[in-house]
Amino acid sequence: MASGSLKKRPKRVISTPYRSMASPRPSSFNYKTISLLISIFLILSVVFLLSLSSNMWSKLVSNVNSSQIYSIEVVNEFPHDPNAFTQGLLYGGNDTLYESTGLYRESSVRKVALQTGKVEVLQKMDGSYFGEGLTLLGERLYQVTWLERTGFIYHLSNLSKFEKFTHQMQDGWGLATDGNVLFGSDGSSTLYQIDPQSFQVIGKQTVKYKGHEVHNLNELEFVNGEVWANIFQTDCIARISHRDGVVLGWILLHNLREGLILAGKTDIDVLNGIAWDRSKNRLFVTGKLWPKLYEIKVRPLKKKFQGVIEQICMRMPFHFAKP
């Protein structure tokens, strides 16, 4: 038994290396295959992660959802007095606009024919006042003035001034109404609600976008339950919830001013003036010293917005002093 087992040991020792020498080919093949698959997986993973990070970066750069950004389509163009320093604008029915213009010794309230741009009735203001926002409530036109807490009420029929009032805003920039209260702006980030009888502030909201205050609220209009505001020194209109002051969206109108400049109208000032025809769902905009008034349609931006809305539509607060 013992000798028999000793004779068999060398065979076992020899046979073991033989089997181990024969195994590398399939093992090497498997390693190469696995390595190749791992490499392909890693490459695909890197491509996927780069694509994902690119999308995330794009969202960070845009800093806004495209559903909140709107472009415009120009439906009609109408003549507009190129000497009108537009501060307030509203639609009064029957293709008639009412407009408040600014500048000392040149300010006015006027009734304008939409189709021709002709000024049909004009009420000059005292030279010490700088006309600002304008709105229509009932048969009364309400107007505020710049760097003052003084406002005026006019008869709609002939624009004769019949009442002077004092408001509680820090300044007078924009006015609008929902048919019950007046909405006002004073160039800050505050949207005021004002009683049209007592002119007391009955509510106010700080207008914010993504937690940041939106300063320089200018001309206002009430459109389908929202307050729309020109933002001073920008080509943007902010769509604002008057309930909490949150900016619901931005309308970009850069192409209007750029088109006028390309046409040689280099003396124009900023975009300012929004008028809403509620009965026909028509929206009109113009600017200070603009030779045209535009009827526009607002469209959600179809392509991804590439930009930073805070840089395009928001500015640091401006501060003015009476000369």
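Scroll up to find the structure this text is about.
Attention in this report is confined to the structure presented alongside it. Sequence order as written defines residue numbering, which begins from 1 separately in each chain. Per-residue local features of the predicted model are confined to residues with pLDDT of at least 70, and side-chain atom pairs are confined, for both listing and counting, to 80 or more; whole-chain, interface and lining totals are unaffected and use all residues. Hydrogens and water molecules were not included; the side-chain quantities draw on all heavy atoms of the structure.

### Quick notes on empty space enclosed by the protein
- A 1.4 Å probe that fits into a set of points on a 1 Å grid over the protein atoms alone but cannot get out defines a cavity; an open set with protein on both sides within 12 Å along at least five of seven lines defines a pocket, and lining residues are those with an atom within 4 Å of a point. Grid points are joined across faces, edges and corners, and a volume is the space filled by probe spheres set on the points. Tallied over the full model, the rule gives 1 cavity of 30 Å³ or more.
- The calculated volume of the largest cavity comes to roughly 40 Å³.
- Around the largest cavity, the lining residues are Y142, V144, F165, H167, M169, L175, L182, I194 and F199.
- Its residues assigned to classes, the lining of the largest cavity comprises 8 nonpolar, 1 polar and no charged. Amino acid classes used here: Ala, Val, Leu, Ile, Met, Phe, Trp, Tyr, Cys and Pro are nonpolar; Asp, Glu, Lys and Arg are charged; the rest, including Gly, are polar.

### Quick look at the sheet that holds strand β12 (residues 190-194)
- If you trace the 4 strands from one edge of the open sheet to the other, you get β10-β11-β12-β13, paired in antiparallel fashion. Two strands lie at the open edges of the sheet, namely β10 (174-177) and β13 (201-206), each paired on one side alone. Averaged over all adjacent pairs, the angle separating strand axes in this sheet is 25°, with direction ignored.
- Note on pairing: two strands pair once DSSP finds at least 2 bridges between them. Labels follow the DSSP assignment, with helices taken as runs of H or I lasting at least four residues and strands as runs of E lasting at least two, numbered in each case from the N terminus. Pairing of β10 with strand β11 (residues 182-185), which is carried by 4 bridges, proceeds in the antiparallel orientation. To obtain each axis, a line is fitted to C-alpha atoms, and for helices this fit is confined to the stretch in contact; angles are then taken between N-to-C directions over 0 to 180 degrees.

### A look at the packing of aromatic side chains
- Pairing of aromatic rings covers Phe, Tyr and Trp, the last through its six-membered ring, and needs centres within 6.5 Å; plane angles under 30 degrees mean stacked, over 60 mean edge-to-face, and all others mean tilted. According to the stated counting rule, one finds 19 aromatic pairs in the structure shown.
- Aromatic rings pair up to connect F85, Y104, F130, W146, W173, F232, F318 and F320 into one cluster.
- The lysine or arginine in question, K161, covers the ring of F152, its NZ or CZ lying 4.1 Å from the ring centre.
- To sit over a ring, a charge needs its Lys NZ or Arg CZ within 6 Å of the ring centre and within 35 degrees of the ring normal. Above the plane of the ring of Y70 lies R239, whose end atom (NZ or CZ) is 4.6 Å from the centre.

### Let's talk about the layout of surface pockets
- As a volume, the largest pocket reaches approximately 540 Å³.
- What lines the largest pocket is a set of 24 residues, and nearest its centre among them are Y91, L136, E221, W276 and R278.
- Considered class by class, the residues forming the lining of the largest pocket number 10 nonpolar, 9 polar and 5 charged.
- Taken as a whole, the second largest pocket encloses approximately 200 Å³ of empty space.
- In terms of lining, the second largest pocket is formed by 15 residues, of which the most central are D186, G187, S188, F318 and H319.
- Of the residues belonging to the lining of the second largest pocket, the class tally is 6 nonpolar, 7 polar and 2 charged.

### Things to note about the side chain of N218
- Along the chain, N218 turns up in strand β16 (residues 217-223).
- Residue contacts are defined here by distance: any two heavy atoms, one from each residue, within 4.5 Å place the two residues in contact. In this structure, N218 is in contact with E132, W173, G174, S185, N230, F232, N272 and K288, ignoring residues within four places of it in sequence.

### So, the state of the cysteines
- Cysteine sulfurs are considered disulfide-paired once they come within 2.5 Å of each other. Considering all chains together, one arrives at 1 disulfide under this definition.
- A disulfide bridge connects C236 with C313, and the sulfur atoms are separated by 2.1 Å. Between C236 and C313 the disulfide shows an S-S torsion of about -70°. By sign, it is left-handed. Within this pair, whereas C236 is found in strand β18 (residues 236-240), its partner C313 is found in helix α4 (residues 309-313), the two being separated by 77 residues in sequence. Per residue, the accessibility class of C236 equals that of C313, and both read buried. Exposure classes here rest on a 1.4 Å probe applied to the protein chains alone. A residue is buried below 20% of its type maximum, exposed above 50%, and partly exposed in between.

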